[in-house]
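Coordinates in review
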Amino acid sequence: MQVEYINPFIAALKNTFRTMLSCEARRGKVAVKQNSRAAHEVSGVIGLSGRAVGTVVVSFSTQVALKAASTMLMMEATEVDDEVVDAVGELTNMVAGSAKAELAEYNLAVSLPNVITGPAHEVHFPSEVTPIGIAFDTDWGPVSLEVGLKAVREPVTA
């Protein structure tokens, strides 16, 4: 996993939180993921393919997911329901889409977001990809960004 893959996702998450939620996301520790367990209870997951393949996960604490959905929907969310799941999926999509624009040379396609909920859920990355986890602290609580992306070799033509 190369650092030039990570920086567009970090910038995208910070910008998405700032512009869409009026909430600052401050980057914390960066580490190689050692297991498949998501950092928090609500995770948006998007697959990436093209001249690179991989996955991006934005994992929200329940508190942050509820507050983010409340802000986006302009109504108070009190439980992780379909509307909160949709809001998390949309925020994850915004992060992936923004980062994709910065990684244009990889001609990335972004899958539809999936959202996984529950304590101690797992998100598995492609076997050949080593994901990096980046912790963020927001005004509402913790969020984690996990990115695993690997360039794909161009096929050799005769």
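We now turn to the structure provided with this report. (Residues numbered from 1 in each chain as written. Predicted model: local features only at pLDDT ≥ 70, side-chain atom pairs only at ≥ 80, totals over all residues. Heavy atoms only, no water.)

Before going further, it helps to examine the overall build of the protein chain. Each helix and strand in the protein chain was counted, giving three helices and seven strands. Its C-alpha atoms give the protein chain principal-axis dimensions of about 60 × 30 × 30 Å. Looking at the 158 residues of the protein chain, the share that counts as buried comes to 43%. Counting contacts in the protein chain only where the partners sit at least 6 residues apart, residues at least 24 apart contribute 72% of the total. For the protein chain, the exposed area adds up to about 8,200 Å²; of that, 50% sits on carbon and sulfur atoms. Computing the positive centroid from 12 side-chain charges and the negative centroid from 18, the protein chain places the two 10 Å apart. (Helix = DSSP H or I, 4+ residues; strand = E, 2+ residues; numbered from the N terminus. Buried < 20%, exposed > 50% of the residue type's maximum accessible area, 1.4 Å probe, protein only. Contact = heavy atoms within 4.5 Å. Areas by Shrake-Rupley, 256 points an atom, 1.4 Å probe, with all protein chains shown as cover. Lys, Arg positive; Asp, Glu negative; His and termini not counted. Charge placed at Lys NZ, Arg CZ, Asp CG, Glu CD.)

So, on to the packing of helix α2 (residues 62-73) against helix α3 (residues 82-102). Packing of α2 against α3 leaves a shortest axis separation of 9 Å and a crossing angle of 85 degrees. One way to sum up the angle between α2 and α3 is to call them roughly perpendicular. Between α2 and α3, the residues in contact are Ala65, Leu66, Ala68, Ala69, Met72 and Leu73 and Glu83, Val84, Ala87, Val88, Glu90, Leu91 and Met94, respectively. When the residues that make up the contact of α2 with α3 are grouped by side-chain class, the tally is 11 nonpolar, no polar and two charged. (Axes fitted to C-alpha atoms, helices over the stretch in contact; angles between N-to-C directions. Parallel < 35°, antiparallel > 145°, perpendicular 65-115°, else oblique. Nonpolar A, V, L, I, M, F, W, Y, C, P; charged D, E, K, R; others polar.)

Inspection of the secondary structure assignment puts Glu146 in strand β7 (residues 141-151). Within the structure, Glu146 has its side chain in polar contact with the side chain of Lys33 (distance 3.2 Å). Among residues more than four places away in sequence, those in contact with Glu146 are Lys33, Arg37, Ala38, Ala39, Thr55, Val56, Val57, Phe125, Ile132 and Gly133. (Polar contact = N/O pair within 3.5 Å; in protein donor to acceptor, adjacent residues only side chain to side chain.)

The tendency in soluble globular proteins is for nonpolar side chains to be buried as a group. Counting residues in hydrophobic clusters, the biggest one holds 41 residues, and the most contacted among them are Phe9, Leu13, Phe17, Phe60 and Leu145. Looking at this core, the elements that each hand over two or more residues are α1 (3-21), β2 (42-49), β3 (52-60), α2, α3, β6 (132-138) and β7. In terms of residue count, α1 provides more of this core than any other element does, eight residues in total. Apart from residues no more than four positions distant in its own chain, Phe60 is found in contact with Phe17, His40, Glu41, Val42, Ala65, Val88, Leu91, Thr92, Pro142 and Val143. By size, the runner-up hydrophobic cluster in this structure holds five residues, among which are Ala38, Val45, Val57 and Val123. (Core = buried A, V, L, I, M, F, W, Y, C linked by side-chain atoms within 4.5 Å.)

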